[in-house]
Every structure is written in C-alpha cells, then in structure tokens.
Amino acid sequence: MSKNGYLQIHDPLKPKGHAVGIDLGTTNSLVASVIQGKPRCIAADEGESNLLPSVVHYGKDGGVVVGARAKTLASEHPTDTILSVKRFMGRSPEDAETRKLGAYKFASGGKVVRFDVAGGQPVTPIEVSGEILRALKRRAESYFSGRVEQAVITVPAYFDDAQRQATKDAGRLAGLEVLRLLNEPTAAALAYGLDKGSQGTYAVYDLGGGTFDVSILKLVDGVFEVKSTGGDSALGGDDFDRAIAQRVLEALGQSSPSPSLVAEVLAASRKAKEALTDAPEVELTVGSHRQTLKRSDFEEWIRPLIQKTGVVCRRALKDAGVAASELDGVILVGGATRVPAVRRFVAEQFGREPLSDIDPDQVVALGAAVQADLLTNVDRQDEVLLLDVIPLSLGLETMGGLVEKLIQRNSTIPTAAAQVFTTFKDGQTGLDVHVLQGERELVEDCRSLARFTLSGIPPLPAGMARVEVRFQVDADGILAVTAKEQSTGTTQSITVKPSHGLTDEEIENMLLDSIDHAEDDVQVRQLREQRVESERVLTEAQRQLGEHGELLAEGERASIEAAMAKVREVAQGNDHHALKEAIHALDEVCKPFVERVMNQALTKVVAGHSVEEF
Ligand code: ADP
Ligand code: MG
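Calculation rules
- Residues numbered from 1 in each chain as written.
- Chains lettered and ligands numbered in written order.
- Predicted model: local features only at pLDDT ≥ 70, side-chain atom pairs only at ≥ 80, totals over all residues.
- Heavy atoms only, no water.
- Helix = DSSP H or I, 4+ residues; strand = E, 2+ residues; numbered from the N terminus.
- Buried < 20%, exposed > 50% of the residue type's maximum accessible area, 1.4 Å probe, protein only.
- Contact = heavy atoms within 4.5 Å.
- Salt bridge = Lys/Arg side-chain N within 4 Å of Asp/Glu carboxyl O.
- Phe/Tyr/Trp six-rings, centres within 6.5 Å; stacked < 30°, edge-to-face > 60°.
- Pairing = 2+ DSSP bridges.
- Axes fitted to C-alpha atoms, helices over the stretch in contact; angles between N-to-C directions.
- Near = heavy atom within 4 Å.
- Polar contact = N/O pair within 3.5 Å; in protein donor to acceptor, adjacent residues only side chain to side chain.
- Areas by Shrake-Rupley, 256 points an atom, 1.4 Å probe, with all protein chains shown as cover.

Caption draft 1: View of the overall build of the protein chain. Tallying secondary structure elements over the protein chain gives 15 helices and 23 strands in all. Within the protein chain, the fraction of its 614 residues that count as buried is 46%. For the protein chain, restricting intrachain contacts to residue pairs at least 6 apart in sequence, the fraction spanning at least 24 positions comes to 63%.

Caption draft 2: A look at helix H6 (residues 184–191). Within H6, eight of the eight residues are buried, leaving the element largely enclosed by the surrounding structure. Considered for burial, the residues of H6 that qualify are Glu184, Pro185, Thr186, Ala187, Ala188, Ala189, Leu190 and Ala191. Within two residues after H6, glycine 193 carries a phi angle of roughly 70°, on the positive side.

Caption draft 3: Seen up close, the pattern of salt bridges. For the structure shown, the criterion picks out 24 salt bridges. Notably, a salt bridge pairs lysine 86 with glutamate 184, separated by 2.7 Å at the nearest N-O pair. Of this pair, lysine 86 sits in the loop between strand E7 (81–83) and helix H3 (96–100) while glutamate 184 is found in helix H6, placing the two residues 98 residues apart along the sequence. Relative accessible area serves as the criterion here: at 11%, lysine 86 is assigned to the buried category.

Caption draft 4: Region of the structure containing the packing of aromatic side chains. Overall, the coordinates contain eight aromatic pairs when judged by the stated rule. Taking 5.3 Å as the distance between ring centres and 75° as the angle between the ring planes, the aromatic pair formed by tyrosine 104 and phenylalanine 115 counts as edge-to-face. With a gap of 11 residues between them, tyrosine 104 in the loop between H3 and helix H4 (125–144) and phenylalanine 115 in the loop between H3 and H4 connect regions that are remote in the sequence. Residues tyrosine 104 and phenylalanine 115 agree in their burial class; the two are buried. Joined through ring pairs, the aromatic side chains of Phe88, Tyr104, Phe106 and Phe115 make up one cluster.

Caption draft 5: Region of the structure containing the sheet that holds strand E20 (residues 447–454). Taken in spatial order, the four strands make up an open sheet running E17-E16-E19-E20, and their pairing is antiparallel. Looking at strand neighbours, the two that pair on one side only are strand E17 (402–407) and E20, the edges of this open sheet. Averaged over all pairs of adjacent strands, the angle between strand axes in this sheet comes to 30°, irrespective of strand direction. Bridge count for strand E16 (residues 394–398) against E17 is five bridges, and the pairing is antiparallel. What sits directly across from leucine 394, in E17, is isoleucine 407.

Caption draft 6: Spatial organisation of the site of ligand 1. Near ligand 1 there are 17 residues, and of these Thr27, Asn28, Lys273, Glu274 and Thr277 occur at the shortest range. Threonine 27 has a polar backbone atom sitting 2.8 Å from an oxygen atom of ligand 1. In isolation ligand 1 offers 580 Å² of accessible surface; the protein chains occlude 91% of this area. The element contributing the most residues to the shell around ligand 1 is helix H8 (residues 259–276), with three residues.

Structure representation (structure tokens):
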C-alpha cells in the first residue's frame, strides 16, 4: 500500500485525465496516447497530418502562432518566427552553437538565450518550446474532450543536464506534469516492444530534418542502457532538399537568386524529395519552370551525405564495443529514413534489414505514449517502472563479516528474493539480521541500512534451525525485510528505503569503488569464508573427540589434534589456499574415525528394531 504516487493519479476527486507521450522534435513535434490499448498519434483534425512543425511565430499584436501556419510566416518575418528552437535548449548566449545559429535577434545579457521577437518581452527557448507543448496539449485535450496534464517527453540521448532541465521546465510552463524524460532511441525501442525481450543490443538510426543521431542501446533485464551515441547536428533531410534545390537553381540559370525564390525552390524540392520516396520519377514546378526529377539522379546527389552517416555509425559501434554482427536489431527513426537509398545504406552498414514497420516519424512519440501509459495506468502496475532499477545491490551480513547479496544492482523493481540461513552455534536462540547496500564483498565497505534481531529461535544444535530471510522491494523502491524461523513461525520484519539519502554521485562512487577493489575483495572473501569453515570443522572435530573418544584407534587422537593445530595456525595467516588445504587434510585424517562414529550410531538405531522394518 505504499504506492502513493499511483493512488494519487486515480484519486477520483482530482482526475488527471489522459497521459500523453510527446516527441518534441527539432523540425516536427507529435503527441500520442494509448487509446483503447494501442498507442496512436493524435492529429489536429481527422485526416490531417500528425506532425506539428516545431515553429513558433510571434506577432506584433502579441499573438502567438504555432505549427504549419507559423512556418508560412517564416520567410516574411524571419526574426519573429523561431524554427529549430530545440537547438537552443539549455544553451547560453556564449555557446558556439548559439552563435552559429545567428539568424535571430538576440536580447543581450542574461545567462540564457533570449530571442528578441515582436509583440513584447524577449522569449527564452524554454518559453518557445512551451508554446509547442501547449499546442500539443490542446490538440490532445480537444481529441479527448478532457484534460491532459501528464506527459512523457522525449529528448535526444546526448542531451545534458541543462538541456534536460530546460525541456522539463518547458513542459511545466505548458501546464504539464512531466512524468519522465525519455531518451528518443529508448522510446523507439519501446514502441517496437523490444523491452519485452530479456536481452539485446540495438542500434537506433535517427535521421530527422536537420540532425542525425545514432545510438547503441543495450537491454539488460528490461532496462535500456545507452552504450554510445554519435551524430551530426548539421545533417538531415533538409540537406537532401538543398541538394535538389541547387540543381533546380542551376537549371533556372539563377546564380544569385532572391531569398524568396530560394525559399520557393526549397519548398518545391522538399515536396519532390518526399514524392520520390514512392515514385521513381516526379515533376517539380516553380512558377512556370517544370523539371522532371529521377530518383536515380537524386540518389546520386545525396550519396555523399548518406555516406557521412556511415562514419558516425561505425564510430558509435566502436565506442559501444560491439560489432554490427552482434546487434539484435536496427531501428529506423526520423522522416528522412523514408528515403529508399537511406534504408538500403543502413541495411548495408549493419548487415541486416532494419525494423521499419512503424512509421519512422511517429515511432518516438508512440514509444513515449507507451511509457506514459505504463506510468499511469493502474491496470498495468505489474509492468510499471519497468525501467526503474535498484541502483545498488541489497544484501545481508553473514559470518565472517561478508555480504551475501540477495538482490543484485540493476534489478528491476518490484522484486523479491529469499534465502534460508541457519544458526552457527549450538542452542543459538537469536539471529542478527544486518541489511546492507553496496557492491563490495565486505560489510565494512558497504552501507548499513538496517539491523534487527530475530529472537525466539528454539534452541537446536548448530545448523539445525532454519530462518528464511526475505527481501521485498516494491514499485516505489521501498525495501521490506522479513526474517522467519520456520519451525515456530516466529517472524520479525523491518522496512527501509534503500535510496534514501544517497545522491547519484555517492552511488557512482560506490560503484567505482567496487570495480577498483573487485580483485582484492575476492581474495578477502575467500579467506574469510575459509576461516568460517575452519572454525566449523574445528568445533565439530572437538565435539566428536569428546563424545566418542572410545572409538579412536591407536595414535589417532594425536594425528587429528596435529591436523587441528595446523588449521588453527594457517587460519592466522592470509593464504586462503593453504587454509583450504589444511581443512581438507583435517577432514581426511578424521574420516575413518567419523565413519566409525556414524556406524555406531546406525547400529544403535537398528538394534532396537527388527530387520524387516528396514
Ligand atoms: P525531427 O526529428 O528533426 O523533428 P522528422 O523526423 O520529422 O524531424 O523528419 C523530418 C524530415 O523528414 C524532413 O526533412 C522531411 O522532408 C523528411 N521526410 C518526411 N517524409 C518524407 C518522405 N516521405 N520521404 C523523404 N523524406 C521525408
Ligand atoms: Mg526526431
């Protein structure tokens, strides 16, 4: 009952409405939602495009126009119409990237970029993106005829903290609760349901309007890790338009065309490019000029551009340490991957046909919708937090100051694990349960989370009592530890919140530590284990000598005691191999004696009964 976050969503007094997934793209943005069990993109109107051009126009009267209509205003009002605002997210006015994109008027001063636009105060990229998100929110609300307040918004895998924070702020500005920021390649993988598999390595090839991104993802137990990313922030489908436009302007005999003619030719080129995806030949018209374009020529013109993406792909594979042949799949994302030559090239590069069943410009939004649904739909709670993991392993202290891990780091939650422990001493009636977190082998190197004692264990010989310790981590990451003595049912439990008080940095340091010390730890662990074992065999040998001395053969006591002394001596040192050998030697020396003890016990039992009973 600690899933408070989810209960709140379904509080009937304050319905949150539908949760959506949003692909906030450089060129185009989309909103999607799971509708009747299936993710679907939402169009402005029935039959219209799902894509909302990521363009915002600020009018002199203070009015704001977003989308296709804003795009038509761009050539006439270049400084009041913001395109590709995503490139400015989280950037300072001093960034090289900002200066490169200097088509706008920037307001001076301040830590963030501000566009000096018509109709009032300068606006920040967060505000501009907020307008795009608001338009998408309204679109979804009119589709559902209801409120939309929660969203999963996608961001490029390479986005840094400032860029992510800016995206989150834009969401908040638009009146959205940002359930989560999701990496675009991960969203694409979710749309394909690849998280349903257990393992896998995937490449996501995303060629949008003005940017190219490639990511190598690794799925481990339902969690996608981004192994590497690469890209070219100045390469995309728009460059294909320019490749066509250049030839058209040549054919027009225009060496210094006016900006408006360039804009017109570019628009016609884009239309022709998109048409060439389905037809081998298309007609392009600009004014009275008509020109036939062949797909084969187009492919020739864009070949160098496509080949540039290959270099980036190979580097990303190398960075991730995977060969193309080791991939389990390649996903196509971005409108420009519709171009048949691009598809062929990707297939060639990765040595396999890419996944392309889902519309490449919708796939990211659809994946975001799936994630939004997972995070909010009460019927899918089992799958909720599929992507949430335990940052550090959880375990228990065992004899010798060692940590026995019950739940491994990166396990998806909710999860549970149990292990049966026994008593170490004869007549032991209590068991100390010490809960630890960390990757190291020794108690002192891990973080102590909780400690309690299970008392009331019936006094039994060492090793006879059975205590089951159960770890259960719920969807909110809260750990409950229960210890139960199995013969009496005596139970004791405690609840701890493992992540409490640990910063990401601390988690990172603990992980790095465990890698640094992995070798040492193994040595120490083995030594401690052997020491515990030596104590057990010494106690046992001592007991047998005391109870069954009459069964000892001539000189046997002396040799057993010598072997015991040897074990004690070696246990003082640090050589776990030597200790293991000494223990083994003691076992060997004791063997004939122990056999006699066993036989006698058996004879005693049999003596009281008739042979037929057996
Ligand atoms: P972004 O992720 O940058 O917002 P998109 O994924 O929406 O961009 O991709 C936009 C690009 O895809 C544009 O260059 C557009 O011309 C191109 N595109 C869209 N449809 C097609 C098509 N049918 N054939 C070729 N290119 C297309
Ligand atoms: Mg995109």
